[in-house]
Amino acid sequence: MSHFIAEPKQGVPFVSVQAMAKLINTIGIENVLVSLTKTLKHDFARWHEFDKSPRYAAHSPDGVIELMPVSDGKMFSCKYVNGHPKNTFKELQTVAAFGILSDVDSGYPVMISEMCLLTALRTAATSALVATYLAPKNSTTLTLIGNGAQSEFQALAFKAVLGITHIRLYDIDEAASQKAFNNLNNKGLTVTICESVEEAIKGAHIITTCTADKTNATILTNDMIPQGVHINAIGGDCPGKTELDSALLERANVFVEYEPQTRVEGEIQQMSRCFAVTEFHKVINKQHLGRTSEKELTIFDGVGFASEDFSALVYIREQLIKSGEYKILDLITQQGDPRNLFSVLEIPHKDKENAA
């Protein structure tokens, strides 16, 4: 069976921001998040099939630009993504991203997609999936520290997948918390804006940290956090940026996506190379236990890995096939003789006459 939506010589299917938003709204964002969680679980379960490597990163004083490739031998995906916190002051997105999905047999791209919305969705779905194994049973309260672009997606993923009912918000920028409150207030959740980290984490079963600044920071200190909590630490995504007190890591069972990448970019960059962590796929495949007791402190040190983008792109492509609604990009030359690339430069006869 062909991997292509359309014939290769018809062009490359393209998902614009507008098309992605329409697709998500048609399916329903919580339905998308639940389905993405299932797709991610399926792909984590076949972890050994993926050709994996840490992402390529080009760092500058103001941010980072990254390429995130991965392949399962049949399909290849790669995401271009940046992280520039100062963009907010220029009225630009902190994160800009797009992705490509290709057929390994031919090397032809089978889809190009925006990945600002899709990255937010897959990050939230990954957090929720991990929490189903690591969070306390019957969790109802989620604290979101850092209320930027990711916060609403996290809240809705935890609601849809884990049944979270209460959201507690904190951000040093009060406008960010108010934005998140406004967006979540009619989504079947009880939402509270808090005035400090200490107030926000009071009574929380799950704490998500997702701040934007690209520096080492201590958002949560060891004395703040009781046993029995799950911390979803997803703000780390580059060298020199952390959010947790190292003493918290020493107390906890720490889970990561792909250890070689997390050692460089995650919370565990603070720790020695011998500090023990568990790759999450081992939990999915029952090679390692997740949460072992209600008194345990668990941490997901999530930096985002390319296989999650692969899962998201494959999922969206399946939805495109069902809907049949997508644009075609004239991205690959389509001349009759594939060896005669030069013929593409020749002006057709009618165009020559018009030019004369």
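Predicted model only: the values in this text are computed from it and were never measured.

Caption draft 1: Highlighting the side chain of Arg-168. On the secondary structure map, Arg-168 appears in strand 8 (residues 166-170). An unpaired buried charge is present at Arg-168: no salt bridge exists, and Glu-199, the closest side chain of opposite charge, is 4.5 Å distant. Engagement of the side chain of Arg-168 in a polar contact is seen with the backbone oxygen of Ala-200, the distance being 3.1 Å. Leaving out residues up to four positions away in the same chain, Arg-168 has contacts with Thr-141, Leu-142, Thr-143, Leu-144, Thr-192, Cys-194, Glu-199, Ala-200 and Lys-202.

Caption draft 2: Local environment of the pairing of strand 8. In terms of burial, strand 8 is largely enclosed, as 4 of its 5 residues are buried. Where strand 7 (residues 141-145) meets strand 8, 5 bridges bridge the pair, whose relative direction is parallel. Within strand 8, the residue paired with Thr-143 across the bridge is Arg-168. Crossover connection from strand 7 via helix 4 (residues 151-162) to parallel strand 8: handedness right-handed. Looking at chain direction, strand 8 and strand 9 (residues 190-193) are connected through 4 bridges and run parallel. Across the sheet, His-166 pairs through a bridge with Thr-190, a residue of strand 9. The handedness of the strand 8 to strand 9 crossover, carried by helix 5 (residues 174-184), is right-handed.

Caption draft 3: Quick peek at empty space enclosed by the protein. Summed over all chains, the structure comprises 1 cavity of 30 Å³ or more. Its volume calculated, the largest cavity comes out at about 30 Å³. Taken together, Leu-144, Ile-145, Gly-146, Gln-150, Ser-151, Gln-154, Thr-208 and Cys-210 make up the full set of residues lining the largest cavity.

Caption draft 4: Structural context of the environment of Lys-241. Looking at where Lys-241 falls in the secondary structure, it is placed in the loop between strand 12 (230-233) and strand 13 (242-244). Along the backbone, Lys-241 and Val-64 are 177 residues apart, and their C-alpha atoms lie at a distance of 12 Å. Of note is the side chain of Lys-241, whose polar atom sits 2.6 Å from the backbone oxygen of Thr-211.

Caption draft 5: Looking closely at the packing of aromatic side chains. Considering all chains together, one arrives at 8 aromatic pairs under this definition. Relative to Phe-280, the ring of Tyr-133 has its centre 5.6 Å away and its plane inclined at 75°; by these criteria the two rings are edge-to-face. Residue Tyr-133 is found in helix 3 (residues 116-134), and its partner Phe-280 is found in the loop between strand 15 (278-279) and helix 9 (281-284); the two are separated by 147 residues along the sequence. Using a relative accessible area of 24% as the deciding quantity, one classes Tyr-133 as partly exposed. By way of ring pairs, the aromatic residues Phe-44, Trp-47, Tyr-133, Tyr-258, Phe-280 and Phe-305 are connected into one cluster.

What counts, and at which threshold
- Residues numbered from 1 in each chain as written.
- Predicted model: local features only at pLDDT ≥ 70, side-chain atom pairs only at ≥ 80, totals over all residues.
- Heavy atoms only, no water.
- Helix = DSSP H or I, 4+ residues; strand = E, 2+ residues; numbered from the N terminus.
- Buried < 20%, exposed > 50% of the residue type's maximum accessible area, 1.4 Å probe, protein only.
- Lys, Arg positive; Asp, Glu negative; His and termini not counted.
- Salt bridge = Lys/Arg side-chain N within 4 Å of Asp/Glu carboxyl O.
- Polar contact = N/O pair within 3.5 Å; in protein donor to acceptor, adjacent residues only side chain to side chain.
- Contact = heavy atoms within 4.5 Å.
- Pairing = 2+ DSSP bridges.
- Right-handed = clockwise from strand over helix to strand, strands pointing away.
- 1 Å grid on protein atoms, 1.4 Å probe; cavity = no way out; pocket = protein on both sides within 12 Å on 5 of 7 lines; lining within 4 Å.
- Points joined across faces, edges and corners; volume = space filled by probe spheres on them.
- Phe/Tyr/Trp six-rings, centres within 6.5 Å; stacked < 30°, edge-to-face > 60°.

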